[in-house]
Amino acid sequence: MSQSKSLSTALLCAFALLGPATACSAADGTPAASRPAADSSGTAPGTTSTATRTATGTAPGAAPGATGGHTPGAAAGTRCHTSQLRASVGRNNPGAGQENFPLVLTNSSSRTCTLYGFPGAAFLDGAGRQVGPDPKRTSGQAPTTVELAPGQSAWAGLTFSNPEISEASTAIPDWLLITPPDEQDPLKVHWTAGKVPVAGNASSVFLTVFSAGRGA
């Protein structure tokens with residue numbers, strides 16, 4: 001390319017910065033206008049950032065805001081992962097018109113790990129469809145780090161108003177998904193405790209933070 005032609009191309013590209021994009025070529029010969037530009041997150045159009053995939057790929061039972069990032073209060077690298085845990089639902093402890101079930105996670109691995117915060121949860125029918133909305137977090141609770149040596153357990157409460165009293169619409173789920181704090185993969189447990197409220201008056205189901213023990 002002659003020196004005068006190179007100079008002309010450079011001038012055209014410089015003027016393009018002041019107006020609509022032109023097909024100016026980059027050093028590798030690719031037209032600049034055809035290259036995807038990174039957005040403010042640094043992700044080019046047509047690609048998906050890790051944060052977006054996590055936010056949009058959350059499985060049923062992973063409560064919003066329960067996952068992702070460093071968990072305050074939990075030592076780095078000690079968090080209990082789903083693959084290290086076994087889940088169960090304890091016996092109902094009713095009172096004051098409420099049904100109260102402990103959701104128990106037991107460390108089935110050979111190393112000590114920690115839980116911090118709320119579980120995620122969701123009810124499913126026999127076909128795997130979600131029954132009712134996700135349970136909500138009980139407000140005003142301060143999580144603490146629960147250390148689980150191999151074989152030890154922690155529990156979080158699942159509570160709702162007795163449907164016979166609240167007159168909420170009910171369903172009988174087949175399964176309960178329980179997701180450990182900051183995890184994406186749930187554990188699946190048979191739900192054998194009968195009706196749960198899914199719509200109408202006082203239909204909300206609530207979760208508490210994890211505490212040491214089995215809740216009995």
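Please read all numbers here as calculations on a predicted model, not as lab measurements. (Residues numbered from 1 in each chain as written. Predicted model: local features only at pLDDT ≥ 70, side-chain atom pairs only at ≥ 80, totals over all residues. Heavy atoms only, no water.)

Before going further, it helps to spend a moment on the pattern of salt bridges. All told, the structure shown has 2 salt bridges when counted by the stated rule. Among the ionic pairs, Arg 79 bridges to Glu 183, the shortest N-O distance being 2.6 Å. Taken together, the residues span a long stretch of sequence, with Arg 79 in the loop between α2 (50–56) and β1 (85–89) and Glu 183 in the loop between β10 (175–179) and β11 (187–190) at a distance of 104 residues. The closest approach of N and O atoms between Asp 125 and Arg 129, which form a salt bridge, is 3.1 Å. (Salt bridge = Lys/Arg side-chain N within 4 Å of Asp/Glu carboxyl O. Helix = DSSP H or I, 4+ residues; strand = E, 2+ residues; numbered from the N terminus.)

Strand β8 (residues 153–161) sits mainly inside the fold: 7 of its 9 residues count as buried. Direction of pairing for β8 relative to strand β14 (residues 211–212): antiparallel, over a ladder of 2 bridges. In the sheet register, Ala 154 faces β14, and the bridge partner there is Ala 212. Of the pairings in the sheet, the one linking β8 to strand β13 (residues 205–207) comprises 3 bridges and is antiparallel in character. Looking across to β13, one finds that Phe 160 is bridged to Val 205. (Buried < 20%, exposed > 50% of the residue type's maximum accessible area, 1.4 Å probe, protein only. Pairing = 2+ DSSP bridges.)

This part covers the sheet that holds β10. Adjacent strands of a sheet pair through backbone hydrogen bonds, lying either parallel or antiparallel. Reading across from one edge, β5-β4-β10-β11 is the order of the 4 strands in this open sheet, with antiparallel pairing throughout. Where the open sheet ends on each side, the last strands, each with one partner, are β5 (130–131) and β11.

Here we take up the nonpolar core. One broad rule of soluble globular proteins: the nonpolar side chains tend to lie buried together. With 27 residues, the main nonpolar core has Leu 105, Leu 115, Phe 123, Leu 158 and Leu 176 as its most contacted residues. The biggest single contributor to this core is β8, with 4 residues. Contacts of Leu 105, omitting those with residues within four sequence positions, involve Leu 85, Arg 86, Ala 87, Leu 115, Leu 148, Gln 152, Ser 153, Ala 154, Ile 178, Pro 180, Leu 187 and Phe 210. (Core = buried A, V, L, I, M, F, W, Y, C linked by side-chain atoms within 4.5 Å. Contact = heavy atoms within 4.5 Å.)

On to the packing of aromatic side chains. With the rule as written, the count across this model stands at 3 aromatic pairs. Relative to Trp 191, the ring of Phe 123 lies with its centre 5.1 Å away and its plane at 80°, an arrangement referred to as edge-to-face. Residue Phe 123 is located in strand β4 (residues 120–124), and its partner Trp 191 is located in the loop between β11 and β12 (196–199); the two are separated by 68 residues in the primary sequence. Summarising the burial analysis for this pair, Phe 123 and Trp 191 share the class buried. Members of the aromatic cluster, each reached through a chain of ring pairs, are Phe 101, Phe 123, Phe 160 and Trp 191. A cation over a ring is seen here: Lys 188 above Trp 175, with NZ or CZ 4.4 Å from the ring centre. (Phe/Tyr/Trp six-rings, centres within 6.5 Å; stacked < 30°, edge-to-face > 60°. Lys NZ or Arg CZ within 6 Å of the ring centre and 35° of its normal.)

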